[in-house]
Amino acid sequence: MTKPNLRVHPTQTLHGDLLPPGDKSISHRAVLFSALAKGTSRIRRALISGDCERSLAAVKALGCQVRIGDGIVAITSPGRFELQAPDQAIDCGRSGTTIRLLCGLLAARPFASRLVADPQLARRPMARVVNPLKRMGPSQIRCATAGGAPVELVGGPLKAIRYRMPVASAQVKSALLIAALDAHGVTEIIEPGPARDHTELMLEHMGALVERIRLTTGHCVRILGPVGALSPVELTVPGDPSSAAFWVVAATITSGSDVWLRDVCINPTRDGALKVLERMGADIERHNPRVEHGEAIADLRVRSAPLRGLRIGGEEIVTMIDELPVLAVAACVAQGPTVVTDAAELRVKETDRIESTANALRAIGAQIVSTADGWQIEGGQFLGGFASSAGDHRIAMALAVAGLVGKRATCVKDFSCASDSYPGFVSHLRALGARAHWES
Ligand code: S3P
């Protein structure tokens, strides 16, 4: 099957008013956590994308009923103590959030499960979840010898652990917190940086007590288990800041643009890209700020502005980890150099994003050099041409944004992976006034 390419033409200005898709992290959690609560959960504006469909299929395989209609995903679960053994392997596709959170969800379930993955996901580290979960004492949990998927587990009674995470990872933290619901004692997780806290917020919304303490050496989350019955999820998923970031950068770097992005999640563990862009000179207004189910939300208005390069690194990197490829695009057209450090986690994303971003942007004329934990970027101009997404949704969309300000058109090879997180990306691109068409 040929994978379609997307040709993006240089565009003068972008104008429009968009509702970015529902947040991917919150959608995964809403779907997977629905399986924990007896009764019917209702999720409005859930992201239905390649990745999130894996979580929906997983809860079905565990005996939940899923109905989708009128913009609502309704999931009826027998509750976490009555979930069924899956009758075949659960295929997590390319979805890291699905496979890692499922490990935590299944660790106390008294049956055998096997979690399989596409080659892209099978290369990513699973030992970071499997090893701490093993200490909680399920009957069996193991990943492939290379440390990736498949993961095989047989759940069983769990005990609480104290675990200091070597890297700030919301997926690891979440897997352990879900397992902690059924573990006896206080599970304490210490993270080196403020990884996204949607799991903590959603479990609280479902009635669990989640204690959070800011330490001088990191951030600590505690759950006293076992936790009793949880309430079903009732939630409207806010817009995904990682998807909105493409338009924030696009509107900033094209001239004369004025774009509204409605209902965007601006949870402080997710708004690092906005803060960095503001430090670079971006003009981003936050309107109508509000908090729903613990999640901070706002409408964003973004207008064109000249950017200057800067240094990005340290603890805040985790709050913009998925936006770094499109931040690199912004840095490529900023005035002066940008240095990104402390982002080695990019090497274990859907692709090695340090290399795939640098290769993709260099192919269309950028001056970007990869380092062990980031990039050195010289501001300049994109020339356009041909570049590959390397099968990574965020690289595909970052390239499309770069294509808006190229000297000539940019052809993004293998663009279809964008639907892993943002199935409507091309229609939104066109709705803002850009010219883009598919090529095979
Ligand atoms: C996610 C956490 C991050 C992020 C990923 C989604 C989540 O990964 O990069 O896209 O939903 O918890 P890590 O937990 O590996 O840092």
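Residues numbered from 1 in each chain as written. Predicted model: local features only at pLDDT ≥ 70, side-chain atom pairs only at ≥ 80, totals over all residues. Heavy atoms only, no water.

Engineer: Quick question: what am I supposed to make of the nonpolar core here?
Structural biologist: In globular proteins that are soluble, nonpolar side chains generally tend to be buried together. Counting residues in each nonpolar core, the largest one holds 78 residues, and the members touching the most others are Leu261, Leu277, Leu324, Leu361, Trp375, Phe415 and Phe425. For this core, the leading source of residues is helix α8 (residues 241-253), giving nine residues. Setting aside residues up to four positions removed in sequence, Leu261 forms contacts with Leu18, Pro20, Ala244, Trp247, Val248, Ala298, Asp299, Leu300 and Val302. Among the nonpolar cores identified, the runner-up in size contains 69 residues, and Leu32, Ala35, Ile90 and Val151 belong to it. (Core = buried A, V, L, I, M, F, W, Y, C linked by side-chain atoms within 4.5 Å. Buried < 20%, exposed > 50% of the residue type's maximum accessible area, 1.4 Å probe, protein only. Helix = DSSP H or I, 4+ residues; strand = E, 2+ residues; numbered from the N terminus. Contact = heavy atoms within 4.5 Å.)

Engineer: Looking at this structure, how should I read the domain arrangement of the chain?
Structural biologist: One frequently used descriptor of interface size is the decrease in accessible area upon assembly of the parts. Segmenting the chain into domains produces domain 1 (5-21 + 238-439) and domain 2 (24-230). The straight-line distance from the C-alpha centre of domain 1 to that of domain 2 is 29 Å. Listed as interface residues are 31 residues of domain 1 and, on the opposing side, 27 residues of domain 2. Both faces combined, the contact of domain 1 with domain 2 buries some 2400 Å², and carbon together with sulfur accounts for 46% of it. Area buried by domain 1 at its contact with domain 2 is led by Glu315, Glu350 and Asp420, which between them contribute 24% of it. Where domain 1 packs against domain 2, one counts six salt bridges. (Domains from an automatic or database assignment. Buried area = accessible area lost by both parts, 1.4 Å probe. Salt bridge = Lys/Arg side-chain N within 4 Å of Asp/Glu carboxyl O.)

Engineer: Can you help me understand helix α3 (residues 96-106) in this one?
Structural biologist: The α-helix winds at 3.6 residues per turn, so residues separated by three or four positions along the chain end up facing the same way. Of all 11 residues in α3, 11 are buried; the element is thus mostly enclosed. The complete set of buried residues in α3 reads Gly96, Thr97, Thr98, Ile99, Arg100, Leu101, Leu102, Cys103, Gly104, Leu105 and Leu106.

Engineer: Please explain the packing of aromatic side chains as it appears in this structure.
Structural biologist: The geometry of an aromatic ring pair is captured by the separation of the ring centres together with the interplanar angle, meaning the angle of the planes. Considering all chains together, one arrives at six aromatic pairs under this definition. Measuring from ring centre to ring centre gives 5.7 Å for Phe415 and Phe425, while their planes differ by 40°; the resulting arrangement is tilted. One end of the pair, Phe415, is in the loop between β24 (410-413) and α13 (425-431); the other, Phe425, is in helix α13, and 10 residues separate them in sequence. When its relative accessible area of 2% is taken as the criterion, Phe415 is described as buried. Relative accessible area serves as the criterion here: at 0%, Phe425 is assigned to the buried category. With centroids separated by 5.4 Å and ring planes inclined at 85°, the aromatic side chains of Tyr422 and Phe425 adopt a geometry described as edge-to-face. For Tyr422, a relative accessible area of 1% puts it in the buried group. Put simply, the rings of Phe246, Trp247, Phe415, Tyr422, Phe425 and Trp438 touch in pairs and so form one group of aromatic residues. (Phe/Tyr/Trp six-rings, centres within 6.5 Å; stacked < 30°, edge-to-face > 60°.)

Engineer: Would you take a moment to explain helix α11 (residues 353-363) for this structure?
Structural biologist: Taken residue by residue, α11 has Arg353, Ile354, Ser356, Thr357, Ala358, Ala360 and Leu361 as its buried positions. Packing partners of the buried residues in α11 comprise α10 (324-332), β21 (367-371), β22 (374-378), β23 (385-388) and α12 (393-403). In this structure Asp352 caps α11, since a side-chain oxygen of it lies 3.1 Å from the backbone nitrogen of Ile354. Positive backbone phi, at 100°, marks Gly365, one or two positions downstream of α11. (Polar contact = N/O pair within 3.5 Å; in protein donor to acceptor, adjacent residues only side chain to side chain.)

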